[in-house]
Amino acid sequence: MDDLASSLEKLRVASAETDCEPFEKLINQLHNLGPDDGGEVCEELVAGGVLPLALAAIQGSNEDIQAKGAELVAELAKVENCRLGCVTGGLVPILVEKMSSPSTKVAQQACRALGNICYEHVFLPDGGRVSVMESGGASQLLGLLQRAAQLSDSPEDHQLRLVATGFLLNLLNSYDTVQDQSMEAELVEVLCHYLDKFAEDEDIPTHVLLSLTCMADTEVGRGLVVSKDVTPQLVRVLRINESPEVIETCLELVTNLAETECVKTQVAQGGVCEAVMDVVRRHRDTPSSDLSPPIIKTATDLIVLILVGDESMGIIYSGGSGPVYQELVEWLTSELEDLQIAGALAMGNFARSDAHCIQMVQSGIAEKLLKVLSSHNTGEGDIRLQHALLSALRNLCIARENKPVLISQGAMDVLLPMVSTVETFPVVFKLLATLRMIIDGQTQAALKVGGAEAVVGRLVGWCSTTDHPGVQGEASRLLAWIIKNCEGDAGVVTSLVAAGCVAPLVLMLGSEHAVMVSEAALGLALTFTTAPGREAAEATKLKEVAPFVLKNPYLPPEILANVLSMLIALLPLESAFDAIKSEDLQGAVSSLTSHANEEVKRLAGELKVKL
């Protein structure tokens with residue numbers, strides 16, 4: 001401290017002279033301090049009046065002393081508690097002015113000082129940034145960035161660009177106040193120019209990419225970045241930059257932007273996906289660092305995100321011949337788990353169109369998916385992979401032409417064992433949905449599911465789970481679809497009734513979703529054509545549920561007709577019908593006898609007579 005006090009005193013004496021030595025000595029002393037001592041010493045210096053001395057130096061006529069004064073401020077502003085003094089001491093406007101200095105050293109140190117002043121301050125949130133903005137710092141920095149881009153490749157000029165882009169990042173980070181939009185648009189242009197010109201550098205692209213990310217975090221900024229379409233610059237960075245840190249930052253920016261629908265199309269058309277695939281290949285074949293696995297994960301997640309867009313998905317699919325699509329198919333057999341999962345998720349996205357579904361199954365995609373799933377169709381299988389594969393298979397099963405093909409490829413032999421062994425609810429949810437899709441219109445498949453006692457037992461159990469409403473709903477729907485598609489097979493229906501399927505179907509009848517009401521009504525109507533089914537109805541909540549459903553003013557007439565038909569199916573068994581009779585039901589049926597729909601009116605009249 002004695003040495004520092006001596007240096008500060010020398011600085012007071014020399015501040016009006018042209019001697020840089022006192023500044024250099026003090027700056028070197030600060031550099032030599034450890035992190036534990038540095039903060040306290042800088043605070044002591046600020047308390048001792050060093051900032052006015054630095055300000056006088058910056059305002060002097062000697063460029064070397066100007067640079068040293070700004071450098072001293074930059075060192076002091078590294079300490080959080082010193083930043084407030086820099087703002088209140090009037091340094092910011094002077095430093096902003098010095099950014100336009102013809103001296104590279106002065107402009108660089110002014111930038112450093114302002115960048116540090118703008119850094120986070122717990123006691124003065126955004127105070128440094130506000131002061132810089134109010135002093136015209138944004139426009140001055142924009143001018144400096146434009147000028148610095150044209151300078152030589154000398155170390156000094158490179159350092160100026162590095163410091164200027166770093167200052168920009170600190171200025172934009174978490175600062176939401178919208179500035180002059182025309183200036184911001186010009187800034188996007190400058191940043192794109194930097195990515196074009198310095199794409200191979202390590203630090204400058206990082207600053208630029210992070211600055212663009214900060215802009216994209218505000219509504220106006222995102223609009224400007226998106227309207228510019230920065231994909232050519234992003235492709236260039238992804239293809240030629242060898243720094244894992246830069247690549248990861250670039251992927252994160254694309255991911256941020258691709259949340260906007262039009263950007264998904266931009267990147268699909270602009271070759272970003274091809275560049276991302278190249279990144280994956282590089283880091284898969286020759287891992288460069290510990291960052292390779294997270295880079296691959298970020299890259300694969302990005303590809304899947306881009307495919308969520310309908311237009312972008314179609315561009316990448318390109319009739320099944322797109323190079324990115326072809327490589328994604330190859331990922332299904334990769335030894336890397338992240339690639340397998342991404343490949344399966346991608347197939348599910350491509351299968352969102354019937355035309356794609358049919359073409360994909362014809363080209364053997366379903367067979368590939370089933371082969372991979374056959375190695376993971378137990379409780380020990382990889383959960384993420386199971387979920388991804390089932391998502392894709394479910395989508396492929398939607399097209400009617402595909403169902404018999406998948407069945408012939410052994411889908412049921414792969415899927416059914418999972419019902420007995422898989423416990424993870426998100427996977428169970430996808431499994432049930434896949435089975436429901438594949439048995440639609442496929443009698444033998446429905447009989448196979450309905451005839452498997454262990455499978456039916458699990459389905460009935462899941463119908464009452466409260467841990468996952470989706471599983472509860474899908475299990476009930478699958479039971480209804482088995483009944484609908486088994487062509488009235490008495491053995492299957494009797495087995496389902498014995499396992500307890502009637503009660504959950506009655507509860508499903510009270511669903512808020514019209515399609516589920518319709519499915520439940522049809523399943524129960526078919527079940528009530530058998531004596532065991534009618535008998536089972538007596539022990540359910542049908543007495544309470546039926547009036548509730550019939551009073552629903554939003555149900556379409558055809559669904560009301562299905563519910564009435566279901567109740568009429570109970571007529572042959574007197575005890576079953578007596579078990580559901582109530583004044584509430586009678587009133588609901590009576591009101592439907594004047595319904596506008598003739599079929600509803602007819603069925604309600606028939607039921608009213610019985611009641």
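Sequence positions are assigned chain by chain, starting from 1 and proceeding in written order. Residues qualify for local features only when their pLDDT is at least 70, as the model is predicted, and side-chain atom pairs are given and counted only at 80 or more; totals for whole chains, interfaces and linings, by contrast, use all residues. Neither water nor hydrogens contribute to the side-chain values; these are computed over all heavy atoms in the structure.

K.L.:
Explanation requested: the overall build of the protein in the structure shown.
P.N.:
In this text, helices come from DSSP runs of H or I with a minimum length of four residues, and strands from runs of E with a minimum of two, each type numbered from the N-terminal end. Check the secondary structure of the protein and you find 40 helices and zero strands. Here the globule rule is a power law, 2.2 Å times the number of residues to the power 0.38, and the radius of gyration is based on C-alpha atoms. Relative to the globule expectation of 25 Å for 611 residues, the C-alpha radius of gyration of the protein, 35 Å, shows a markedly less compact shape. Seen through its C-alpha atoms, the protein measures out along the principal axes to roughly 115 × 55 × 45 Å. The proportion of buried residues among the 611 residues of the protein is 55%. A separation threshold of at least 6 residues defines the contact pool for the protein, and within that pool the share at least 24 residues apart is 73%. All accessible-area figures derive from a Shrake-Rupley calculation using a 1.4 Å probe, and residue coverage is judged against the displayed protein chains alone. When the accessible surface of the protein is split by element, carbon and sulfur atoms take 51% of a total near 25200 Å². Burial classification: accessible surface area is computed with a 1.4 Å probe over protein chains only, and a residue below 20% of its type maximum counts as buried, one above 50% as exposed, and the rest as partly exposed. The contact rule is simple, with two residues in contact once any of their heavy atoms fall within 4.5 Å.

K.L.:
Explain the state of the cysteines to me, please; I cannot follow it from the model alone.
P.N.:
When the sulfur atoms of two cysteines share a covalent bond, that bond is a disulfide. In plain terms, two cysteine sulfur atoms within 2.5 Å form what is called a disulfide here. Applying the stated criterion across every chain, the model contains zero disulfides. Summary of cysteine pairing: cysteine 262 is not part of a disulfide, and the nearest cysteine sulfur, belonging to cysteine 273, is at 15 Å. Owing to a relative accessible area of 39%, cysteine 262 belongs among the partly exposed residues under this scheme. No disulfide involves cysteine 397; its nearest neighbouring cysteine sulfur is the one of cysteine 357, lying 9.0 Å away.

K.L.:
What exactly am I supposed to notice about the nonpolar core here?
P.N.:
For soluble globular proteins, nonpolar side chains are generally found buried alongside one another. Throughout this description, the term nonpolar core refers to a set of buried Ala, Val, Leu, Ile, Met, Phe, Trp, Tyr and Cys residues connected via side-chain atoms within 4.5 Å. Counting 228 residues, the largest nonpolar core has Met347, Phe350 and Leu509 as its most contacted members. If sequence neighbours within four positions are ignored, leucine 509 has contacts with Val517, Ala520, Ala521, Leu524, Leu542, Val545, Val549, Val563 and Met566.

K.L.:
In this structure, what is going on with the environment of leucine 212? I would like to understand it.
P.N.:
The residue leucine 212 is located in helix H13 (residues 203-216) in this model. Placed 45 residues apart in sequence, leucine 212 and leucine 257 show a C-alpha to C-alpha distance of 9.7 Å. With residues up to four places along the chain from it excluded, the contact list for leucine 212 reads Leu191, Leu195, Val225 and Leu253.

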